[in-house]
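Each chain is listed here by its residues.
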Amino acid sequence: MSDPYQPPPSDEPTPPSGGNPPPGYGQQPPGYGPQQPGPYGTPPPENPQQPGQPQPGYPPAGYPPPYTPDPPGKVMGIVGFVLAFVFAPAGIVVSALALSDSKKVGYDNVLGKWGLWLSIIFTSIGVLLVIGYLVFFIAVFGTMGTEMTVSSGVLSGV
């Protein structure tokens, strides 16, 4: 049986035998000392979470993540991309508006950029086709008109 008048053994190491201990012997570095007791005499927990609580930074299990709205211009960028194939001049307008809205918040609207470029390309191809058709139409029917006049003059006996 131990003596009840002796203090309990300490966790501190014993100094080396044969003299005074070196300076700082038996001291712990800052932050590693004994913890201050909590309100009921127990040390505060390392992680102040309640049991069963999710870790910080993660949504609770079984619940969907919080709602984050789409950045402005994302839907218009998609519409502009589709309009590039359907009606290219409208695709230019809608894609340009989508890029403008997205630029205000710093969102990189890739579909808006593609919609704008494809709309510009398809519109320029369409304009070139219309100009080519008009030139062909004027060349063919312009010469036909003069031949018909001569032909009709010959037929009428003029």
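About the criteria used
- Residues numbered from 1 in each chain as written.
- Predicted model: local features only at pLDDT ≥ 70, side-chain atom pairs only at ≥ 80, totals over all residues.
- Heavy atoms only, no water.
- Patch = residues over 30% accessible without salt bridge, like charges linked within 9 Å, V, L, I, M, F, W, Y side chains within 5 Å.
- Areas by Shrake-Rupley, 256 points an atom, 1.4 Å probe, with all protein chains shown as cover.
- Salt bridge = Lys/Arg side-chain N within 4 Å of Asp/Glu carboxyl O.
- Helix = DSSP H or I, 4+ residues; strand = E, 2+ residues; numbered from the N terminus.
- Contact = heavy atoms within 4.5 Å.
- Phe/Tyr/Trp six-rings, centres within 6.5 Å; stacked < 30°, edge-to-face > 60°.
- Buried < 20%, exposed > 50% of the residue type's maximum accessible area, 1.4 Å probe, protein only.
- Axes fitted to C-alpha atoms, helices over the stretch in contact; angles between N-to-C directions.
- Parallel < 35°, antiparallel > 145°, perpendicular 65-115°, else oblique.
- Left-handed = near helix turned anticlockwise from the far one by under 90°.
- Nonpolar A, V, L, I, M, F, W, Y, C, P; charged D, E, K, R; others polar.
- Expected span 1.5 Å × (residues − 1).
- Arc of directions from axis to C-beta.

Trainee: If you had to explain a nonpolar patch on the surface to someone new, which residues and values would you point to?
Mentor: There is a patch of nonpolar side chains on the surface, built from Ile 78, Val 82, Phe 85, Val 86, Phe 87, Leu 111, Ile 121, Phe 122, Ile 125 and Leu 129 and spanning about 940 Å² of accessible area. Every element with two or more residues in the nonpolar patch is listed here: helix H1 (74-86) and helix H3 (110-156). Take the nonpolar patch: its biggest share by element is five residues, from H3.

Trainee: Break down the environment of Ile 92 for me, citing the residues and quoting the values.
Mentor: With respect to the element layout, Ile 92 can be found in helix H2 (residues 88-105). Setting aside residues up to four positions removed in sequence, Ile 92 forms contacts with Leu 116, Ser 119, Ile 120 and Thr 123.

Trainee: Requested: an account of the packing of aromatic side chains, with residues and values cited.
Mentor: The way to describe two aromatic rings as a pair is by their centre distance and the angle between their planes. With the rule as written, the count across this model stands at four aromatic pairs. Geometrically, the ring pair formed by Tyr 133 and Phe 137 is stacked, given 6.3 Å between the ring centres and 25° between the ring planes. Of this pair, Tyr 133 and Phe 137 both sit in helix H3, separated by four residues, roughly a single helical turn. Taken together, the ring pairs in this structure connect Phe 81, Phe 85 and Phe 122 into an aromatic cluster.

Trainee: Summarise the side chain of Ser 102; cite the residues concerned and give the values.
Mentor: Here Ser 102 is to be found in helix H2. Here Ser 102 falls in the buried class, since its relative accessible area comes to 1%. The contact partners of Ser 102, leaving out residues within four places of it in the chain, are Pro 72, Gly 73, Lys 74, Tyr 107 and Asn 109.

Trainee: Give a detailed account of the packing of H1 against H2, specifying residues and quantitative values.
Mentor: When two helices pack together, their arrangement is given by the angle between the helix axes and the distance between those axes. One way to put it is that H1 packs onto H2 with a least axis distance of 7 Å and a crossing angle of 160°. Comparing the axis directions of H1 and H2 gives the class roughly antiparallel. Both H1 and H2 take part in a crossing whose hand is left-handed. On the side of H1, the interface is formed by Lys 74, Met 76, Gly 77, Val 79, Gly 80, Phe 81, Leu 83, Ala 84 and Val 86, while H2 contributes Ala 88, Ala 90, Gly 91, Val 94, Ser 95, Leu 97, Ala 98, Asp 101 and Ser 102. Residues of the contact of H1 with H2, tallied by class, amount to 11 nonpolar, five polar and two charged.

Trainee: Describe H1, naming the residues involved and giving the relevant values.
Mentor: The end-to-end C-alpha distance of H1 is 19 Å, a good match for the 18 Å that 13 residues give at a rise of 1.5 Å each. Taken as a whole, H1 has its buried residues at Gly 77, Gly 80 and Ala 84. The buried residues of H1 all sit within an arc of 60° when viewed along its axis, so they share a single face. H1 presents Val 75, Phe 85 and Val 86 as exposed residues on the side facing more than 90 degrees away from its buried surface.

Trainee: Got a sec to walk through the pattern of salt bridges? Specific residues and values, please.
Mentor: This structure, assessed with the given rule, holds one salt bridge. Put simply, Asp 108 and Lys 113 hold a salt bridge, and the shortest N to O gap is 2.8 Å. Take Asp 108: its relative accessible area is 47%, and that puts it in the partly exposed class.

Function cannot be inferred from these measures alone, as they are strictly geometric.
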